[in-house]
Amino acid sequence: MQESAAFTPQLAASTITGILWLIPVAPMIASGVIALLKQPRRKTAAALAIGSLSISLLLSLIAFCHVVAGWAHGSVVREFVNFTWFRFGATAVDLGWILDPLAAIMIVMVSFVGLLIFIYSVGYMAHDENFTRFFCFLSLFAGAMLGVVISNSLLLLFMCWEIVGLTSYLLIGFWYQKPSAAAAAKKAFVTTRVGDVFFLLGIVWLFSQTGTLLFYNHGVGSLEGLALVNLLSQHAGLGLSAAGAIGLLIFAGAVGKSGQLPLHVWLPDAMEGPTPVSALIHAATMVAAGVYLVARVYPLMSTGAAPHGTTVALTVVTWVGASTAVFAALIAVAQNDIKRILAYSTISQLGYMMAGLGLGGVAVGMFHLITHAFFKALLFLGAGSVIHGCHEEQDIRRMGGLRADMPLTFLTYAIGMLALCGFPLLFSGFWSKDGILEAAKNWDISKGPFYLLVFGALLTAFYMTRQVCYVFFGHWRGHETAHESPKVMTLPLAILAFFAIALGVIGTPVWPWFHAFLDNRTAAFDLHGFVEPGLMQLMLLSSLVVFVGLGLGWRLYGNKSPKPEAPDALEKSAPWLWAPLRDRLYVDEIYGATVIAFYARWARVADWLDRRVWGGIVACITWLFGLWARFNRFLDINWVDGGFDKTCEEISTGGGLLSRVEGGRVQNYLRILAAAIAVLAAILLWSSRP
Amino acid sequence: MTSVGMTTPLAGYLLVAAMLFAIGLAGALVRRNAILVLIGIELMLNSANLNLIAFWRYGPHPEALTGMMFAIFSIAVAAAEAAVGLGLVIAIHRHTGTTELDKINRMKG
C-alpha cells in the first residue's frame, strides 16, 4: 500500500469492504444537497436525510452480516482498504477504511439509532422554521460519525472527529438567538478543543515514531507488531512507554469528547440544543466516539501488559472513568432540569464505559457503549416527548402526573430508566454494567474503582427514581395540560425500548456472544456461565444496590408531588450535601476562578499593553510621520511647487506659441520649409566660402 | 570624354534649373488653388531632374546611363505622385466643394 499510487485503493477483500466508504458518504452528500435546498422544503429535506441514512443502515447491516459470517466460519475478519492521500518526499500520508467486528457493531448502532432519531426529529422539529438547516447539520453529523467509526487511519479519524465536533457546535447553537445556546455551543467547542490539542500531539508523536497513521496494514500499521514493539521499547518517563504515552494523549482527546473529568463541563450545557440532538450527539453517538477511540487504539494502551495485568495507561483510564462515573452521578442527584439530569447521567455512564475499557478490555466497555446508546437515546427522546407534551417546560418540579397523560411515553421512559439503573435480569443495562463491575472486582491493582462504581450504581438508581417520580408520579403542577406526542415520535421510542431490553440477551454470562464476537472467540451457550466463582454474589450485590437506590428514591420522592417552590426532599434532610451538588460541585466556578480568570486577566493585560504600550508606540510613530508629512507638504508648496509650476507655465506658453504655427494652412507649412531651406542654403554658402 | 559640340556650359543648365525651381516654389507658395500649387511642385521636381541630367552629362562617366535612369525613375515617381495629388484634390473638392487651400485648414493640432 505504501507504494501504491495516490487514490488507487487496492482491491478489497470483499465487495462490501470495497464500498464501505458509501456508508459515511451517503449522509454527507444528503447534507450537501439539503444545504442547497430552499429553506421551506421540509419534506424533501427530511426525505433526503432519512433516505440517505437508510442506505447507510442497509449497507451497515450487510457489512455486519459479512463480519458475523466470517467470524462464524472461524476466520478473523479484518478487511481494510488503504490508499495514499498525498506524499511529500519519501513520506506518504495514507488513509483508509476498515471493517472489523468493532467497526461493524458501531456502524450498525450509529446508523440505526441515528435513523430512529431522524424520524423522531421530523415530529419534534415540525414547527421549527429552520427545519432544513437542522437536517443538513444532522446528516453531516451522521456522515462524519460513521466516518470516525470506519476509518483505518488516525488522521482520517481525526478529520471526521473534528467535523463531528463542528456539527456538535452547530447543533448545540442551533437556536443561536438564545444567548445561552450560543454560549453553550462556544463552551462545548472550546472545551473539546483542549482535549483535541492533546489528541493531535499524540497523532504527531505516533507518526514521528512509526511513520504511518494507519491502524492496520498487513503488519506494518501503527497498531501492529513491529510498531508496537518499537514504541514499547522507548521510555517516555513516569513509567510509561512511548506507546502508553501516545495512548494517553489520544485518551485526552477522548476525555474532551466523552465528557470525562475534568473536561465534562460542556456536556450539561450542550443540552441547550434541540432534544433530538441531545439524544443523538450528546448521549448515543458522538460522546461515545471517545470511548470508541480508546477501544480502537486499545493495543497502544495495553501493549506490554503481563497476562491479566495492566499498564499505566489503562490504570489512568480506569481511574478517570471511575471517578467521573461517581462525580457526575452525584451532581445528577440535585439537578432540576430534565435534560441536565440525563446529561450528567450520560457523563457518569461514559465514565463506566471508560472504566470498563481500562478494567476489562474492549468488549466490556463497548458492550456498555452499545446498550447505553439505545437506552440513553430512548431516555432523551422520552424527555423530548415530555418537554414537547408539557409545552417546552424543562423543570421537573413543574411537571408531575404524566403517567396518565402520556402513557406511551411513560412506559418507554420507565423501560429506559430501569435499563439505565441496571434493573436485574430483564434489562440490557444490567448485563453491561455487571460486566464492568465484574471486571472491577477482579482487578488486581486496587479495589477503589469497584467501590466507586458500585456507589455510582446506587446513585444512578436514586437520581433516576427521583426524576421519574417528579415527572410521572404525583399530580400535575404545570400551567397548561400535557398531551401525548404524535406517532412519529412515539414509534422510535417503542423501537428503542424494545432494544433497551433485548440487547441484554447478547451479552449475558450464559451466552457472551458480544464479547466473543469482539474478542474473536467462539460463543457458546453455557449455563455454567452463572456459576463462575463470585459472579452470583456480584449479581446479587448489584441487584441489591439497585433496589436500595430505587427504594430510597421512592421513599423520598414517590407520589409526593411537592410544590415547585418547595425545597427538595433531600435538601430538607441534608442541606449541607444539597447545596454543593445543586451547584454542580463548583467545577464551573473553579474553572471560572482559575483558567477563565487567568485568561481574563491576561486578556486585560494584553488589552492594556495594546492600548498603552503598543498603541502608544504606534501613536508616536504616527505622529512622527504626520510631522514629516507636514514638513514635506511645506517644502512641496513653497519650494518644489514653485519651480515646477513655473516650468509648467513656460511649457504651456511655449506650446501655445508653437501651436500658432500649426494653423492648418498647408501653404504656411510650405513657407516655413522654404524659409528653413533658404537659411540652410545660406549657412552652407557662408561656411563654404574660401 | 570630350565636350565637342557642347557650347553651353554646365552653369547655364544649373541656372535654368534654379530659376525653374524658384518659379515652382513661388507658385506653390503664393497660389491659392490646390491644382496650381501642384503644378508648382511639379516644376520644382522637374528642375531637380534637369540638375540630375546636367550633372550626369558633365560628370566623369557620361557613357554610363546612370543620370538618365535616375531622371526617368524620378519622372515616373513624379507621375504617380501627381496622380495621387490630383486624386486628393478631387476628393477634397467633392468633400468641401472648393479647392482653395486657405479654406482647407482643418488639419491642425
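Our subject is the structure that appears above.
If you're wondering where the values come from, they're calculated on a predicted model, not measured in any experiment.

Draft legend 1. Just the packing of helix α15 (residues 338–360) of chain A against helix α19 (residues 428–441) of chain A, in detail. Residue and element names in this part refer to chain A. For the pair α15 and α19, interaxial distance at closest approach is 9 Å and the crossing angle is 45°. The pairing of α15 with α19 is recorded here as oblique in orientation. Considering only the axes of α15 and α19, their crossing is left-handed. In this structure, α15 contributes Q349, Y352, M353, G356, L359 and G360 to the contact, and α19 contributes K433, I436, A439 and A440. Its residues assigned to classes, the contact of α15 with α19 comprises 6 nonpolar, 3 polar and 1 charged.

Draft legend 2. Main features of the environment of A:V149. All names here are of chain A. Considering the arrangement of structural elements, one finds V149 in helix α5 (residues 131–150). Residues V149 and A72, 77 residues apart in the sequence, show an inter-C-alpha distance of 23 Å. If we ignore the near neighbours within four places in the chain, the residues touching V149 are A103, M106, I107, V110, Y292 and R296.

Draft legend 3. A look at unusual backbone geometry. Residues and elements named next belong to chain A. In this chain, L261 is followed by P262 through a cis amide linkage whose omega measures -5°. Structurally, the position occupied by P262 is in the loop between α9 (242–257) and α10 (266–269). For L585, which is not a glycine, the phi torsion comes out positive at approximately 55°. With respect to the secondary-structure elements, L585 resides in the loop between α25 (575–582) and α26 (587–661). Phi is positive for Y586, close to 60°, though the residue is something other than glycine. Examined against the element boundaries, Y586 turns out to sit in the loop between α25 and α26.

Draft legend 4. Seen up close, the nonpolar core. Residues and elements named next belong to chain A. The biggest cluster of nonpolar side chains holds 199 residues, and the ones touching the most others in it are M106, L154, F251, L300 and M366. L154 has contacts with F199, I203, L206, L213, F215, I250, L293 and V297, leaving out every residue within four places of it along the chain. With 17 residues, the next largest nonpolar core counts L359, L437, A439 and L453 among its residues.

Draft legend 5. View of the interface of chain A and chain B. Listed per partner, the contact involves 9 residues of chain A and 14 residues of chain B. Buried surface at the junction of chain A and chain B, summed over both partners, amounts to about 950 Å²; 53% is from carbon and sulfur atoms. For the chain A face of the interface with chain B, the top three residues by lost area are A:R665, A:Q667 and A:L670, together amounting to 48%. For the pair chain A and chain B, the number of links is 0 salt bridges.

Thresholds applied
- Residues numbered from 1 in each chain as written.
- Chains lettered and ligands numbered in written order.
- Predicted model: local features only at pLDDT ≥ 70, side-chain atom pairs only at ≥ 80, totals over all residues.
- Heavy atoms only, no water.
- Axes fitted to C-alpha atoms, helices over the stretch in contact; angles between N-to-C directions.
- Helix = DSSP H or I, 4+ residues; strand = E, 2+ residues; numbered from the N terminus.
- Parallel < 35°, antiparallel > 145°, perpendicular 65-115°, else oblique.
- Left-handed = near helix turned anticlockwise from the far one by under 90°.
- Contact = heavy atoms within 4.5 Å.
- Nonpolar A, V, L, I, M, F, W, Y, C, P; charged D, E, K, R; others polar.
- Core = buried A, V, L, I, M, F, W, Y, C linked by side-chain atoms within 4.5 Å.
- Buried < 20%, exposed > 50% of the residue type's maximum accessible area, 1.4 Å probe, protein only.
- Buried area = accessible area lost by both parts, 1.4 Å probe.
- Salt bridge = Lys/Arg side-chain N within 4 Å of Asp/Glu carboxyl O.

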